[in-house]
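Chains, contacts and geometry: an overview
Listed below are the residues making up each chain.
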Amino acid sequence: MRALITGGAGFIGSHLSEALLEQGHEVLILDNLSTGSIDNITHLKGRPGFEYFIDTVTNEPLLAELIDRSDVVFHFAAAVGVKLIVEQPVYTIETNVHGTEVVLKHANKKKKLVVIASTSEVYGKSEDVPFREDSDLVLGPTPKHRWAYACSKAIDEFLALAYWKERKLPVIIVRFFNTVGPRQSGQYGMVIPNFVRQALAGEPITVFGDGTQQRAFTHVADVVGALLKLVVEPKAIGQVINIGNKQEITIQALAEKVRELSGSNSVIKLIPYEEAYESGFEDMPRRVPDLTRIKGLIGYEPKHQLDEILTQVIDYFRKK
Ligand code: UDP
């Protein structure tokens, strides 16, 4: 099989590229290096069956040609990271909505399977955990830019499902829950790479809010394993599917764990949300996936737990 990965030089896309090549598939990457990095794919250059194109998905002639050459499209190119989203709302909305629109339009010509990367962020402020794919989405008001990200991804989901319903374009929508692991950058606000970098530099570890908010982190290897199985499972087509891990931790406890596992003397410092992001910023207290659907489809069970993830990320930053 030949796969096109938009955003393939990003964190998840680069791990997926590697896994596909290892299984003997061919990979085309289209990435404009906005949040991705050439360093993520340098080691893949020259591998048989691997090609990459540094350009945006809005270069439609190129996009159309690459889709034409592929059997499946993983659409991962998007604006991500809460910090980036809050600071650049226009870019976020335009990139996420328009990018998906053109990918679906061109994939539809020859009915190529499209996997749309969505996010647990779409569940918004809902407190009805664990989140099931058919749960209500509870978003905040439009002046709070965080919700523009959730909303842009929800529109992507609506559009993909509309293409499936109305035009029989095969689509699979995956909602990622706090995917982490080596290669993830802290530059766009993600908590684990930030904490690890701070701990190793002996800088204060910055816990936003009061640190009682909880998250459940998923190793990128579990996500990639699930994606490889989902694209060959016909029952996954036309579905929205959570991919995550249910092991929860508070952000305060996470900071303590990072400090301990990295042998750091950093202090842990609480930073009010309005200082970290913007005034009136709303965070979600808990975010846990219901994994019944993906378990039923492919027998998914996450294999990597938090201590292992943190050890690997610490190791990655040390080498870097
Ligand atoms: N967070 C934090 N310190 C940081 C970065 C993030 O305390 O340096 C918090 C953030 O406010 C949120 C959680 O960690 O409650 C997870 O943040 P992240 O941006 O990684 O993902 P989110 O779950 O918000 O999409």
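See the structure shown above.
Calculation notes
Counting starts from 1 at the beginning of each chain's written sequence and moves along it residue by residue. Under the rules for a predicted model, residues below a pLDDT of 70 receive no local features and side-chain atom pairs below 80 are neither given nor counted, while totals for whole chains, interfaces and linings still include all residues. Values reported for side chains reflect all heavy atoms of the structure, with hydrogen atoms and water molecules removed beforehand. Exposure is judged per residue with a 1.4 Å probe applied to protein chains only, and the accessible area is read against the type maximum: over 50% gives exposed, under 20% gives buried, and values in between give partly exposed. Secondary structure elements follow DSSP: runs of H or I no shorter than four residues count as helices, runs of E no shorter than two count as strands, and numbering proceeds from the N terminus. Nearness of a residue to a molecule or strand requires only that one of the residue's heavy atoms be within 4 Å of it. Pairing of N or O atoms within 3.5 Å defines a polar contact, subject to two protein rules: one partner must be a possible hydrogen donor and the other a possible acceptor, and residues neighboring in sequence count only if both atoms are side-chain atoms. The Shrake-Rupley method, run with a 1.4 Å probe, gives the accessible areas here. Residue values count only the displayed protein chains as cover. When DSSP finds two or more bridges between a pair of strands, those strands are recorded as paired. Structural elements are reduced to axes, namely lines fitted to C-alpha atoms, with helices fitted over the stretch in contact, and the angle between N-to-C directions of any two is expressed from 0 to 180 degrees. Residue types Ala, Val, Leu, Ile, Met, Phe, Trp, Tyr and Cys, when buried and joined through side-chain atoms within 4.5 Å, form a set referred to as a nonpolar core. We call two residues contacting when some pair of their heavy atoms lies within 4.5 Å. Roughly parallel means an angle under 35 degrees; roughly antiparallel means over 145; roughly perpendicular covers 65 to 115; every other angle is labelled oblique. For any helix crossing, the convention is left-handed if the near helix is rotated counterclockwise from the far helix by under a right angle, and right-handed if that rotation is clockwise.

1. A closer look at helix H7 (residues 220-230)
The buried count for H7 comes to 8 of 11 residues, which makes it a mostly enclosed element. Those residues of H7 that sit buried are Val220, Asp222, Val223, Val224, Ala226, Leu227, Leu228 and Leu230.

2. Notes on the site of the ligand
The immediate surroundings of the ligand are formed by 19 residues, with Thr206, Phe208, Arg215, Asp283 and Arg287 found nearest. One nitrogen or oxygen atom from the side chain of Asn178 is found 2.9 Å from an oxygen atom belonging to the ligand. Between the ligand and the protein, one listed contact pairs an oxygen atom with a side-chain N or O atom of Tyr277 at 3.3 Å. Protein contact buries 94% of the 520 Å² of open area that the ligand shows by itself. For the shell around the ligand, the secondary structure elements donating two or more residues are helix H6 (191-201) and strand E8 (205-208).

3. Describing the sheet that holds strand E6 (residues 171-176)
Taking strand neighbours across the sheet as the criterion, the 7 strands line up as E3-E2-E1-E4-E5-E6-E11 in an open arrangement whose pairing is parallel. Every interior strand has two partners, whereas the edge strands, strand E3 (50-54) and strand E11 (239-243), have only one. Shown here is a sheet whose adjacent strand axes are inclined to one another by a mean of 20°, direction ignored. As judged from the 4 bridges shared by strand E1 (residues 2-6) and strand E4 (residues 72-75), these two strands associate in the parallel manner.

4. Description of the nonpolar core
In globular proteins that are soluble, nonpolar side chains generally tend to be buried together. Of all hydrophobic cores here, the largest spans 39 residues; its most connected members are Phe74, Leu227 and Ile243. Here this core gets 7 residues from one element, more than from any other, and that element is H7. Beyond its immediate stretch of four places on either side in the chain, Phe74 contacts Ala3, Leu4, Ile5, Thr6, Leu16, Leu20, Val115, Leu227 and Val231.

5. Focus: the packing of helix H2 (residues 60-68) against helix H4 (residues 89-109)
Running from amino to carboxyl end, H2 crosses H4 at an angle of 45°, the nearest separation of the two axes being 9 Å. The orientation of H2 with respect to H4, classified from their angle, is oblique. Taken as a pair, H2 and H4 cross one another with a handedness that is right-handed. Contacts from Glu60, Leu63, Ala64 and Ile67 of H2 reach H4 at Val102, Val103, Lys105, His106, Ala107 and Lys109.

6. Comments concerning unusual backbone geometry
With an omega of -5°, the peptide bond running from Val129 to Pro130 counts as cis. Within the element layout of this structure, Pro130 appears in the loop between strand E5 (113-119) and helix H5 (146-167). Although it is not a glycine, Arg183 adopts a positive phi angle of roughly 90°. Position of Arg183 relative to the elements: it lies in the loop between strand E7 (179-180) and H6.

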